[in-house]
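Each chain, letter by letter, is given below.
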Amino acid sequence: MPAPLIFVGSGFFQYSGAALAVTLFSVLGPGPTTWWRLLVGALTLMVLWRPWRQKWTRQDLLGSALFGITLGLMNLLFYEAIARIPLGAAVSVEFLGPVAIAVFRGRGVPPRLAALLALVGIALIGGWGLDLSAPGVLTGVLFALGAALMWAGYILLGQAIAQRRSGVNSLAVGCLTAAVVFTPFLAPAALAVEFTGPVILAILGVGIFSTAIPYSLEAIAFRRLTPAVFALLTALLPATSTLIGALALRQIPTPGELVGLLFVSVAVWLASRVT
């Protein structure tokens, strides 16, 4: 399967899960929603990939644990951001992480030009123009910047792990580790909710659609791509979300968003030429 198609599939599931997560914020809040996402995603991944069948060294376990905690922090910070600022703006700020990797790890002019085009395109899609003096906006931007840093770490750690062993098995162990580490801080509020049918279905959907499926696809892509190219191809995610919004939610993109899609498309084309 071509790498860009993997990212489109990953984006489809991630943004379907994000829509479910937003419905949970009024019931659980961002932190508890993150914990349920990690726990359900981890249990699903453990059943799917059965990592206990492989041999694990102490170094393997520590690396997977660090990868999972980084992933968990990225999710938590992103949820805290979108609870305060619009989703498009949060996604745009968060993409500073992958773009930075593409700039610093890419070789030659094409990767850096692609990163610049992707950054411009993402900014246009996200529609930056936040009023930092408004209540909660500056805090939301800081959370998004933290998520960007964690995303950069997620890409670098994931690619390093995938070169040594199965990425999906490390992903399963990492997500389970993150769920356990975050339990003392997030589980009490997560377990205090009234578990109605819609809430349970939303929790299961968030864990499976936002974590188990898309991160499994990305773990496969990690083994086939350099960190710089992987980072550039993540630019397909906001473009995918824009298209899904137009087709499924009748959220017709603005002219600026369409121009942004064009910039992203050219950036991905350039990235594909240096794979």
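Reading guide: rules and limits
- Residues numbered from 1 in each chain as written.
- Predicted model: local features only at pLDDT ≥ 70, side-chain atom pairs only at ≥ 80, totals over all residues.
- Heavy atoms only, no water.
- Helix = DSSP H or I, 4+ residues; strand = E, 2+ residues; numbered from the N terminus.
- Expected span 1.5 Å × (residues − 1).
- Bend = angle between axes of the 7 residues up to and from the residue.
- Axes fitted to C-alpha atoms, helices over the stretch in contact; angles between N-to-C directions.
- Parallel < 35°, antiparallel > 145°, perpendicular 65-115°, else oblique.
- Left-handed = near helix turned anticlockwise from the far one by under 90°.
- Contact = heavy atoms within 4.5 Å.
- Nonpolar A, V, L, I, M, F, W, Y, C, P; charged D, E, K, R; others polar.
- Phe/Tyr/Trp six-rings, centres within 6.5 Å; stacked < 30°, edge-to-face > 60°.
- Buried < 20%, exposed > 50% of the residue type's maximum accessible area, 1.4 Å probe, protein only.

Focus: helix α8 (residues 167–191)
Here is step 1: Here α8 spans only 30 Å end to end across 25 residues, well under the 36 Å set by a 1.5 Å rise per residue.
Here is step 2: Where α8 bends most, the angle comes to about 80°, and this point is T183, followed within four residues by the proline P184.

Remarks on the packing of helix α3 (residues 58–82) against helix α7 (residues 137–162)
Here is step 1: For the pair α3 and α7, the least separation of the axes is 8 Å and the interaxial angle reads 155°. The angle between the axes of α3 and α7 places the two elements in the roughly antiparallel class. In the packing of α3 onto α7, the handedness of the crossing is left-handed. Taking contact as the criterion, the partners of G63, S64, L66, F67, T70, L71, L73, M74, L77, F78, E80 and A81 in α3 are, on α7, G140, F143, A144, G146, A147, M150, W151, G153, Y154, L157, G158 and I161.
Here is step 2: Here the residues of the contact of α3 with α7 are counted per class, giving 16 nonpolar, seven polar and one charged.

Structural notes on the packing of aromatic side chains
Here is step 1: Applying the stated criterion across every chain, the model contains seven aromatic pairs.
Here is step 2: A ring pair is formed by F12 and F13, whose centres lie 5.5 Å apart and whose planes are at 80°; its orientation type is edge-to-face.
Here is step 3: Judged by relative accessible area, F12 falls into the partly exposed class, the value being 43%.
Here is step 4: The class of F13 is partly exposed, set by a relative accessible area of 24%.
Here is step 5: Taken together, the ring pairs in this structure connect F12, F13 and F209 into an aromatic cluster.

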